[in-house]
Amino acid sequence: PNVCAVQKLIGTNRKYFTNCKQWYQRKICGKSTVISYECCPGYEKVPGEKGCPAALPLSNIYETLGVVGSATTQLYSDRSNLRPEIEGPGSFTIFAPSNEAWASLSAETLDSLVSNVNIELLNALRYHMVNKRVLTDDLKHGTTLNSMYQDLPIQIHHYPNGIVTVNCARLLKADHHATNGVVHVIDKVIATTTNSIQHIIETEESLETLRAAVAASDLNSLLESKGQYTLLAPTNEAFEKIPRETLNRILGDPEALRAMCAEAIIAGLTMETLEGTTLDVGCSGEELTLNGKPIIANKDILATNGVVHFVNELLIPDSAKTLFELAQESEVSKSMDFFRQAGLSSHLTGSERVTLLAPVNDVFKEGLPVVDSNMKNLLLNHIVKDQLSSKYLYHGQKLQTLGDKELRVFVYRNNLCIENACIAAHDKRGRFGTLFSMDKMLTPPSGSVMDVLKADHRFSTLVAAIQSAGLTENLNRPGTFTVFAPTNEAFRAMPQGELNKLMGNAKELANILKFHVADEILVSGAVSALVRLKSMQGDKLEVSMKNNVIHINKEPVAESDIMATNGVIYAVNSVLQPHASRLQERGDEPADPALEIFKQASALSKVSQRNPRLAPVYSRLLARMKENSGGF
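An unreviewed UniProt entry lists the protein under the name Transforming growth factor-beta-induced protein ig-h3, with Nestor notabilis as the source organism. UniProt, in its Function (unreviewed entry) section for the protein, records the words "Plays a role in cell adhesion. May play a role in cell-collagen interactions." Here the protein is described in UniProt, under the heading Subcellular location (unreviewed entry), as follows: "Secreted, Extracellular space, Extracellular matrix".

Brief notes about the environment of Lys534
Summarising the element assignment, Lys534 is placed in strand E31 (residues 530–534). Lys534 sits 19 residues away from Phe515 along the chain, and the two C-alpha atoms are 8.7 Å apart. When near neighbours in sequence (up to four residues on either side) are disregarded, Lys534 contacts Val517, Ala518, Asp519, Asp539 and Lys540.

Considerations on the packing of helix H17 (residues 460–469) against helix H21 (residues 506–514)
The contact between H17 and H21 brings their axes to 9 Å, and the two run at 125 degrees. By the angle between their directions, the pair H17 and H21 is classed as oblique. In the crossing of H17 with H21, the sense of the turn from one axis to the other is left-handed. Listed contacts from H21 to Leu462, Ala465, Ile466, Ser468 and Ala469 of H17 are Ala506, Leu509, Ala510 and Leu513. Class assignment of the residues belonging to the contact of H17 with H21 gives a composition of eight nonpolar, one polar and no charged.

Focus on the packing of aromatic side chains
A full pass over the atoms with the stated rule returns four aromatic pairs. Pairing Phe338 with Phe364 gives two aromatic rings, centres 5.5 Å apart and planes at 80 degrees, and the pair type is edge-to-face. With Phe338 in helix H13 (residues 333–341) and Phe364 in the loop between strand E21 (354–359) and helix H15 (373–380), the pair connects residues that are 26 residues apart, well separated along the chain. For Arg340, the ring lying beneath its charged end belongs to Phe324, and the centroid distance is 4.8 Å.

What counts and what doesn't
Residues numbered from 1 in each chain as written. Predicted model: local features only at pLDDT ≥ 70, side-chain atom pairs only at ≥ 80, totals over all residues. Heavy atoms only, no water. UniProt positions renumbered as here; feature names shortened; annotations may be inferred. Helix = DSSP H or I, 4+ residues; strand = E, 2+ residues; numbered from the N terminus. Contact = heavy atoms within 4.5 Å. Axes fitted to C-alpha atoms, helices over the stretch in contact; angles between N-to-C directions. Parallel < 35°, antiparallel > 145°, perpendicular 65-115°, else oblique. Left-handed = near helix turned anticlockwise from the far one by under 90°. Nonpolar A, V, L, I, M, F, W, Y, C, P; charged D, E, K, R; others polar. Phe/Tyr/Trp six-rings, centres within 6.5 Å; stacked < 30°, edge-to-face > 60°. Lys NZ or Arg CZ within 6 Å of the ring centre and 35° of its normal.

Put into structure tokens, the structure is as follows:
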């Protein structure tokens, strides 16, 4: 009981207190940690007993500082005459710098504090205090607390990985209760912040080019405004590294993020910019990284409305790029060559709001198809009007293309598909266009299920069967059908007598055909291991994927994803049989229901022979069984 896990970074004094929700995989910024266990705050060991069962009596804040590893804060509280206040009655919170935090201050800063203990040191300590009890659960992300020094604000950030920072100082040990409040130990001595991000830009010599860019893009008011931002500020050196024409286009795009202190980054995470693009922010040892590069030159320059990190490379956000630029060195670069050859570049470089459905490079392993008028029309149907985001697409949504086709959206448990093609990677959202990476070329529907079947010579027998069974109207109407369509070859594989019998019985034919149809659209991209569909006949159909081939009831499909306006068609080279029909064909069960009952109830013979009323029935059934079996 009352034991806390601590991860200590090997080779340093840095510790991370953790729980089940905040476990850091035994690595901090790629460096290994040692796991140790110690008593949780307020508890101690008892010889001979497990854990830390003994609860310590509470003392005031001043006494608590000495217990929790902040003896230097305790000493300075005494020197600055803060001690009577934090020993007396009240309800306070103190963010107490650890002993190591005080030791890491520059000699100049420390001298300025301790040389004037009654003013500078006292004010510094009171800036670490709040005039009420505030526990970790109360430290909400993006909020501020009024300090006890002139009510100046303290910025709080509570990150999803469990780390809490106070003015970018990390909470080392939280929630140490005292009789008159609570103590949180932090890893830095925090200072008051009076300058906005804009003021930092205006006064820092290494940000001269950024200063001009901010002014040209009219971002001054944003960087002066209230909020919690992280500015990744490109230095003069960063601007010098990029071509002039590129700089002219993206001059107004310095990256601003929701406030992220360096102490909160202990592994890779993705952050979204104000313009909607994402950056991979991480760390390697003591260095912070952006998109895998250690390009952060100076970190945690705190402002009243956020924090600034200097970067020595200019980050060109996706939001400033054209669709062609988004696709450079990506998994859809061959698609870009394809669209360029088709003369469609103007749609992908201008200010037209579009979404490009670009097949990934693997689709073109055998080379790019020849571009003719039909192919150009098909490619136009890969460009959707309006700039979309895949996370807002919904099942059954209709999308209009530049080729005047209507595409349907299908949302499945394991995939998001547009017609027969499914999205293979996260969106890339550019200045005017969004890039969807698709796993195959789209085939927009060209007619109803019946239209498609009639137009394909492989299904002439099936078309005749559908018409004979009176199902034509069903498959012409609007709907969401998945049709496993037997080819002519499938019907030829049936014994001739059985085929003739089936075709001559409209009711039985309709029953068999309905077994090939489900009333929901299932494209191949939605099939992982096994999917069950209810057929219109009533029995279940099992659709599975084996060796990249779709199977229906364990029979391989000859062709998948033949799209129709009211469904999708799979070509199959066998006629599927409902469960009951398969049993009768194998002779597993007698066709006559009366005989089936008779055969399964073996006790009937004895009962019926003893019962004069049932004896005639038993005799007739016995005779019929002899006729069917040729005698016993």
